[in-house]
Amino acid sequence: MSKTNYLSPKISIIFYCYLQVFFLFSYDLLKLPKRQIIITYYNYMKKLTTFLVLALFATQAAMAGVPQITDADTQRAVSLVSQMTLKEKCGLIGGFKEGFYTYPVERLGIPSILLADGPQGVRKLGDTPTNSTYYPCGIAIAASFNREIASGVGTGIGYDAKARGVGVMLCPGVNIYRNALCGRNFEYMGEDPYLASETAVSYITGMQEQGVMSTIKHFAVNNQEYARHWVSSNLDERTLHEIYLETFRKAVKQAQVGAIMTSYNPINGTHAAEHPELIKGVIRDKWGFKGIVMSDWVSTYSPIGSATSGLDLEMPRNYALTYEKVKPLIDNGVVLESEIDEKCINILQTIIAYGFLDKPQKDSSIPEDYDVSRSLAYSAALESPVLLKNNGVLPLKGGNYVLCGPNADYIPYGGGSGAMYPFAHRTTTLYQGMNSLGKKYKAQLRTSVPQAKELEKVDALILAVGFNKDTETENSDRTYSLPKGQDELIADAVATGKKVVVVVYSGGEVDISKWVDKVDAIVMAWYTGQEGGHALADILSGKVSPSGRLPFTFWGSLKKNPSTPYYHVAKLDESVHPRHYERYEHYPFTDYTEGVFVGYRGIEHFGVKPMFPFGYGLTYSNFKYSDLALEKLADGSVKVAFTVTNTGNANAAEAAQVYVAPLNSKVLRPARELKGFDKKTIAKGQSARYEVVLEPSAFMYYDISVHDWVKDNADFEIQVGSNATDIHLRQTLR
């Protein structure tokens, strides 16, 4: 079948959907003044064009397919390795030049492959920063509860990488959100392994369908940044597999991810890069992974451990695996040369499968400043913010607004390898976004809360607070409280008596206890990327209803979080930035004593009520759930169907969540676990039928007696709700 014939029916369907959505809003348009009809029509069409781009993009990507390692790729790799000297082999298994390249063997036609940091875009080319599209962070993508959004971000980064000649992206990060203090939570995809898995698989697939290799990281149990090289994550086998390895497993099994990066920390006393039980035993033998296992930068600690663990690629260059250190090990029979050969074969067969030996990595036909990438970044920024509170002040109806706070006219982002260098002319701050809404909205920027006399004609104060690259970053944990002076800023705003909207830029939960009951609205904005200002303005003004959901449990205090007693610090001094390690008692390990009851799984088990539950998020409308039906399928799956009706006055999206609750299990299990979700936009007064298929794995747990997943022979209650504690429909499955 020709490419044209393949695309034609899909394009027809896309245009049909395009027109359907437009006509959905036609009734509203007719009620507006002529000038406003034109403006509104333009805005609708702009959003619909983004939808069309996404749909066409997905269609083209599906045709490309994810590269697969074939027997022919392996045979070619074996042949090349057989012609290499030991020095060349040792060169190949370490980084090269500035540390973001693989080692070339030019006489055999093996090129140097360029790697680049993610996960919010292409960050650097070697050691040189590059301007590139800046996408929302990982926690934001997870908050969208939308697989298409995750796929779109992966696809966009894939295109941006190809435009710059990058063959391997070092993303996504998927470590489980265990505690709010982790300095790298913003890169990751939340507390739930199912949500993280679905998000990561879509992200990886979107990227790899563009011929760019994805590297999932950091394997494994890297849930804090404090003293990350030395603090061992100690946990039991069941918790390890059910919670902390599951996203990696699905990335291998479902997305065929090309590379896995190990973490800095030890796991049960052994550093990740030197852990044969996890690399050989789990990644290779249990999961059948054939791709590249690489170390994080400077995370190898011994030649013998690195040579025998199953690690393939030491980054950013050889430290433990230099020729001078490896040769004596081989000469003395400590390490077999075949073990070095195996590393080389794994590297080569993977880059051969991606075509890196046969074609240039750079695609000059793709512009570096790509309009498609910008559209994908905007779509992700639009669906990720979470509305935590709204007493009716939102959506803003138009009027005079004062914006203040450190992030009001600044593009915030997390620090470390997640930092970005976006095109300056493409970035939009919240202040700029509000000013782009039109004459109806008048926004002024202030460095502090104005005096009462200056606020007489002001309708509301919008405070942009939170963290940035200096206060939330890798290699250190962050404070639970907002940075110095921000709580006081909010208090000053509340004292004016004006309506107060707080927009929080953060990679996770923050302490809002001092003012949560005093302000009128709270939006968790995360780090929304270069298009965040436009997206947030569209949400605040009501052009689009917010639709993000919390990808973690917002406990309301550190003490409520079940992991806190076992986290890294002896005293939780929230006023001191955790960079200053001397302020804390040094722990050589952190015990995961809460077990599988991390996040919302611990609500019933520990009897703790959160401030906002996992999956929570307000919209500008209301929804009613009805007509739950279950159908057992031949392969052991269960189809869950139900109806959601928009009973409010605004068009809005509802992220419906399906939980599986064991009723009489012989194994201690959480009260419920997320095993399915879907998100649909529903016009006011209309209904949508949801269908979610629960795979057989939804009813399984990890049995330590057989060291594998097994079916739980219990009865189950299928629960459908809008978050982990607000369950609307229930039905028993026997």
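Everything here concerns the structure above.
Keep in mind the model is a prediction, meaning the values are calculated, not measured.

*Asks:* What is the right way to read helix 15 (residues 371-383) from this model?
*Replies:* Note on helix geometry: an α-helix contains 3.6 residues per turn, so any two residues three or four positions apart are oriented the same way. The end-to-end C-alpha distance of helix 15, which contains 13 residues, comes to 19 Å, matching closely the 18 Å that a straight helix rising 1.5 Å per residue would cover. Most of helix 15 sits inside the fold, with eleven of its 13 residues counted as buried. Here helix 15 has its buried residues at Val 372, Ser 373, Arg 374, Ser 375, Leu 376, Ala 377, Tyr 378, Ser 379, Ala 380, Ala 381 and Leu 382.

*Asks:* Explain the sheet that holds strand 28 (residues 727-733) here, please?
*Replies:* Within a sheet, each strand pairs with its neighbour through backbone hydrogen bonds, oriented either parallel or antiparallel. Taken together, the four strands give an open sheet; going across it, the order is 23-22-27-28, and neighbouring strands pair in antiparallel fashion. In this open sheet, the two strands that pair with only one neighbour each are strand 23 (673-682) and strand 28. If you compare each strand with its neighbour and ignore which way they point, the axes differ by 20 degrees on average. Strand direction decides the pairing type here: strand 22 (residues 652-662) and strand 23, joined by nine bridges, are antiparallel. Bridging from a neighbouring strand, Ala 655 pairs with Lys 679 of strand 23.

*Asks:* Explanation requested: the sheet that holds strand 16 (residues 460-466) in the structure shown.
*Replies:* Pairing is mixed across the open sheet formed by six strands, whose spatial order is 13-18-17-16-14-15. Sheet topology places strand 13 (386-390) and strand 15 (441-445) at the edges, where each strand pairs with a single neighbour. Adjacent strand axes in the sheet meet at a mean angle of 20 degrees, parallel and antiparallel pairs treated alike. Across seven bridges, the pairing between strand 16 and strand 17 (residues 499-505) is parallel. Pairing of Leu 461 across the sheet is with Val 500, part of strand 17. Contacting strand 14 (399-404), strand 16 and strand 17, helix 17 (residues 486-495) crosses the sheet at an angle of about 170 degrees to strand 16. Taken strand by strand, helix 18 (residues 532-540) contacts strand 16, strand 17 and strand 18 (521-524), and its axis lies near 145 degrees from that of strand 17.

*Asks:* How should the side chain of Thr 350 be read in this particular structure?
*Replies:* Among the secondary structure elements, Thr 350 is positioned in helix 14 (residues 337-353). With relative accessibility at 1%, the residue Thr 350 sits in the buried group. Sequence-distant contacts of Thr 350, that is, excluding residues within four places in its chain, are made with Ile 69, Met 213, Gly 258, Lys 290, Gly 291 and Ile 292.

*Asks:* Looking at this structure, I do not really get the pairing of strand 28. What am I missing?
*Replies:* Moving residue by residue along a regular strand, the side chains alternate between the two faces of the sheet. Pairing analysis gives six bridges linking strand 27 (residues 716-721) to strand 28, with the strands arranged antiparallel. By the bridge assignment, Val 720 is partnered in strand 28 with Leu 729. From the end of strand 27 to the start of strand 28, which pair antiparallel, there are five residues.

*Asks:* What exactly am I supposed to notice about the packing of helix 7 (residues 147-164) against helix 15 here?
*Replies:* Any two packed helices are characterised by the angle at which their axes cross and by the distance between the axes. Contact geometry for helix 7 and helix 15: axes closest at 9 Å, N-to-C directions at 150 degrees. Judged on the interaxial angle alone, helix 15 and helix 7 are roughly antiparallel. Here helix 7 and helix 15 pass one another in a crossing that is left-handed. Along the contact surface, helix 7 presents Ile 149, Gly 152, Val 153, Gly 156 and Asp 160, while helix 15 presents Ser 373, Leu 376, Ser 379, Ala 380 and Glu 383. In terms of residue class, the contact of helix 7 with helix 15 is built from four nonpolar, four polar and two charged.

*Asks:* Looking at this model, I keep getting lost on the environment of Pro 276. Mind explaining?
*Replies:* Summarising the element assignment, Pro 276 is placed in helix 11 (residues 276-286). Residue classification places Pro 276 among the partly exposed residues on the basis of a relative accessible area of 30%. In this structure, the C-alpha to C-alpha distance between Pro 276 and Gly 310, residues 34 residues apart in sequence, is 6.1 Å. Apart from the residues lying within four places of it in its own chain, the contact partners of Pro 276 are Gly 281, Thr 308 and Ser 309.

*Asks:* Would you mind going over the packing of aromatic side chains with me for this structure?
*Replies:* Geometrically, a pair of aromatic rings is defined through the distance of the ring centres and the angle of the planes. Inspection of every chain in the model, using the stated rule, returns 25 aromatic pairs. Where Phe 554 meets Phe 612, the ring centres are 5.6 Å apart and the plane angle is 80 degrees; that geometry is what we call edge-to-face. Taken as a pair, Phe 554 in the loop between helix 18 and strand 19 (589-591) and Phe 612 in the loop between helix 19 (603-606) and strand 20 (623-632) lie far apart in primary sequence, 58 residues in all. Three or more aromatic residues joined by ring pairs make a cluster, and in this case those are Phe 145, Tyr 194, Tyr 600, Phe 614, Tyr 659 and Phe 677. Between Arg 147 and the ring centre of Phe 677, over which it is positioned, the NZ or CZ distance is 3.9 Å.

Basis of the calculations
Residues numbered from 1 in each chain as written. Predicted model: local features only at pLDDT ≥ 70, side-chain atom pairs only at ≥ 80, totals over all residues. Heavy atoms only, no water. Helix = DSSP H or I, 4+ residues; strand = E, 2+ residues; numbered from the N terminus. Expected span 1.5 Å × (residues − 1). Buried < 20%, exposed > 50% of the residue type's maximum accessible area, 1.4 Å probe, protein only. Pairing = 2+ DSSP bridges. Axes fitted to C-alpha atoms, helices over the stretch in contact; angles between N-to-C directions. Contact = heavy atoms within 4.5 Å. Parallel < 35°, antiparallel > 145°, perpendicular 65-115°, else oblique. Left-handed = near helix turned anticlockwise from the far one by under 90°. Nonpolar A, V, L, I, M, F, W, Y, C, P; charged D, E, K, R; others polar. Phe/Tyr/Trp six-rings, centres within 6.5 Å; stacked < 30°, edge-to-face > 60°. Lys NZ or Arg CZ within 6 Å of the ring centre and 35° of its normal.

Without other data, these values stay purely geometric and don't point to any function.
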